[in-house]
Amino acid sequence: MTSMESLIGLVNRIQQACTVLGDYGGADNNAFSSLWEALPSVAVVGGQSSGKSSVLESIVGRDFLPRGSGIVTRRPLVLQLHKVDGKAKEYAEFLHMPGQKITDYAIVRQEIQNETDRVTGRTKQISPVPIHLSIYSPHVVNLTLIDLPGLTKVAVEGQPETIAQDIENMVRSFVDKPNCIILAISPANQDIATSDAIKLSREVDPSGERTFGVLTKLDLMDRGTNALDVLEGRSYRLQHPWVGVVNRSQADINKNVDMIVARRKESEYFETSPDYGHLANKMGSVYLAKLLSQHLESVIRQRIPNITSLINKTIEELESEMNQIGRPIAADAGAQLYTILELCRAFDRVFKEHLDGGRPGGDRIYNVFDNQLPAALRKLPFDRHLSLQNVRKVVSEADGYQPHLIAPEQGYRRLIEGALSYFRGPAEASVDAVHFVLKELVRKSIAETQELRRFPTLQAEIAAATNEALERFREESKKTAMRLVDMEASYLTVEFFRKLPQEMEKAGNPANQATPNVDRYGEGHYRRIGSNVSSYISMISDTLRNTIPKAVVYCQVREAKLSLLNHFYIQIGKKEAKQLSQLLDEDPALTGRRQQCAKRLELYKAARDEIDSVSWAR
Ligand code: GDP
Ligand code: MG
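Bear in mind the structure is a predicted one, so any value in this text is a computation, not a measurement. (Residues numbered from 1 in each chain as written. Chains lettered and ligands numbered in written order. Predicted model: local features only at pLDDT ≥ 70, side-chain atom pairs only at ≥ 80, totals over all residues. Heavy atoms only, no water.)

*Asks:* Is there a simple way to think about the site of ligand 1 in this case?
*Replies:* Surveying the vicinity of ligand 1 reveals 17 residues, the closest of which are S49, K52, S54, N247 and Q250. Between ligand 1 and the protein, one listed contact pairs an oxygen atom with a backbone N or O atom of S49 at 2.8 Å. The separation between an oxygen atom of ligand 1 and a polar main-chain atom of R248 is 2.9 Å. Those elements giving two or more residues to the shell around ligand 1 turn out to be α2 (52–60) and α7 (250–254). At three residues, α2 tops the list of elements feeding residues into the shell around ligand 1. When its residues are assigned to classes, the shell around ligand 1 shows three nonpolar, 10 polar and four charged. (Near = heavy atom within 4 Å. Polar contact = N/O pair within 3.5 Å; in protein donor to acceptor, adjacent residues only side chain to side chain. Helix = DSSP H or I, 4+ residues; strand = E, 2+ residues; numbered from the N terminus. Nonpolar A, V, L, I, M, F, W, Y, C, P; charged D, E, K, R; others polar.)

Here it is as structure tokens:
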């Protein structure tokens, strides 16, 4: 294998793979970076009937292109020529019909037509999706050429009004690319100044470094005129020499003049021409094919480092995207169960980071205990409850028909019990506040668990299971917090009351009774009772401010850390294979994207291997 064959062959194979993946010159809405664009190619550009198809055919040396009036070429034809061993049999093969070696060119022609209609639907529409045709022959040079629809000015019947613009846009999308070599076809029997091919190529390649000018129909020029001004670069200068060709005339085609005969007639034409004789060895389609092949090869050689680095960069990008998307899901129930448990654990890790620190949110629980609870306790309406009026009322009611003699035991108890019931509110509010913080943290954790992202169903199930668990913890926590309050009411701290100054002594000492017994049940008495109860209650308040957080953490936070998903695990363990796979039904778009990435990755890796294997030839 010579280096030239292997280089062009390499690009051929990469181009084929690109098309399979929907990556080709005309595609503009491609989500992937285009490898196609990095590959050099030769596009044939020219006005309608300028002789594009004829040039292609004489380069190949075979009749294989559909012909007819109007716009026959309506999809790009990527024609890959592969030179094979002198004794090998010649055949053609379409990329869309792999393995079918076609030796009859009439069939090739028909298939190009059919395949065009398949995409454009027999309307006269055009499509940028290329048809790939490979020709394996001892008579060709290694070359890839793209035949494009001819530039036109007016729409014929059945064609949309925009056809001229549509075609120009499509041709432009190919020739715009800096790696595209432009084969600009102009007929010699028309003023070069009016050539569509030159007009377009001048726009996209003003310096003319990637344009090859081809002049067709030299034989059709008026007697006494010649195209030497063009061919010798005086009319329009390009970096590369102009090449003149003489293709078969319509009459030749009708008479089925053989391509080989036509090639021979072409070289005779130049050799015997009084005008072009001195240029004979630089004219004709055989020379053109060689020139292009050599140029393409040298361009590829130059671009290999770029292509390699693009390939490596893309492989990296694809691999990192594949990592993000995650592995495909296993089919058997055991592996699925394992995957689900892994995903749950991943979620659990994120959740714990929120609680324990590392991720924000856990501090909001502390805020409940440090701010909300004390503030709520401070706001309790003890002033009203222990107002003189209410104390007197409660104490009197407790006394019944006989007022208390020394200290109002029952009155104290009722006042205290009444006050304690106020603590239920803040206790319950703390439980609820922490519940909502936990719920929010669960929600966040589900969203933040990368691995879960592609499993909406599992996400929903985890959300449901955790909410249910949090609800249970809340109930338990509420019961415990209420119990703390009730416990305070069920047994009063005796010592507190023993330390109080004894009412009885003051009241019962007859020596002090200047005004008999008026003060006994007066305001001072009730105020004292109120203030005693108040200081008892504030002692309880201090206790509860400390114990309610303990109950809440014990019942809710600790429980969430230990057993948030326990019930869920039990349910999962009972599920059938089918239900498990339902939990793992990822978004179909993601499945598609993974497949696409994987295919592309395979292509790029294969391309890298190929490049590695030929670069020694440089
Ligand atoms: P396309 O529309 O650009 O693909 O043009 P074709 O290759 O189909 O050619 C249009 C017509 O011009 C056909 O009838 C060809 O036989 C004819 N033709 C193309 N090149 C030459 C040439 O060099 N000499 C002569 N005499 N006819 C040509
Ligand atoms: Mg054509």
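Moving on from the model shown.
*Asks:* Any chance you could explain the environment of Y422 here in plain terms?
*Replies:* Inspection of the secondary structure puts Y422 in the loop between α14 (409–421) and α15 (424–448). By relative accessible area, Y422 is classed as partly exposed at 28%. Discounting chain neighbours no more than four positions away, the residues touching Y422 are L380, P381, F382, R384 and H385. (Buried < 20%, exposed > 50% of the residue type's maximum accessible area, 1.4 Å probe, protein only. Contact = heavy atoms within 4.5 Å.)

*Asks:* Could you clarify how one ought to interpret the packing of helix α13 (residues 388–399) against helix α19 (residues 523–563) in this entry?
*Replies:* How two helices pack is summed up by the angle between their axes together with the distance between the axes. At their nearest, the axes of α13 and α19 sit 9 Å apart, and the two run at 90° to each other. As the angle between them shows, α13 and α19 are arranged roughly perpendicular. Every residue of α19 that contacts α13 at L388, V391, R392, V395 and S396 is listed here: E523, Y526, R527, I529 and G530. Residues that form the contact of α13 with α19 fall into these classes: five nonpolar, two polar and three charged. (Axes fitted to C-alpha atoms, helices over the stretch in contact; angles between N-to-C directions. Parallel < 35°, antiparallel > 145°, perpendicular 65-115°, else oblique.)

*Asks:* Is there a simple way to think about the domain arrangement of the protein in this case?
*Replies:* Quite often, the size of an interface is put as the accessible area lost when its parts meet. On domain assignment, one finds that the protein holds domain 1 (3–30 + 40–322 + 601–613) and domain 2 (333–585). The C-alpha centroid of domain 2 is placed 82 Å from the C-alpha centroid of domain 1. (Domains from an automatic or database assignment.)

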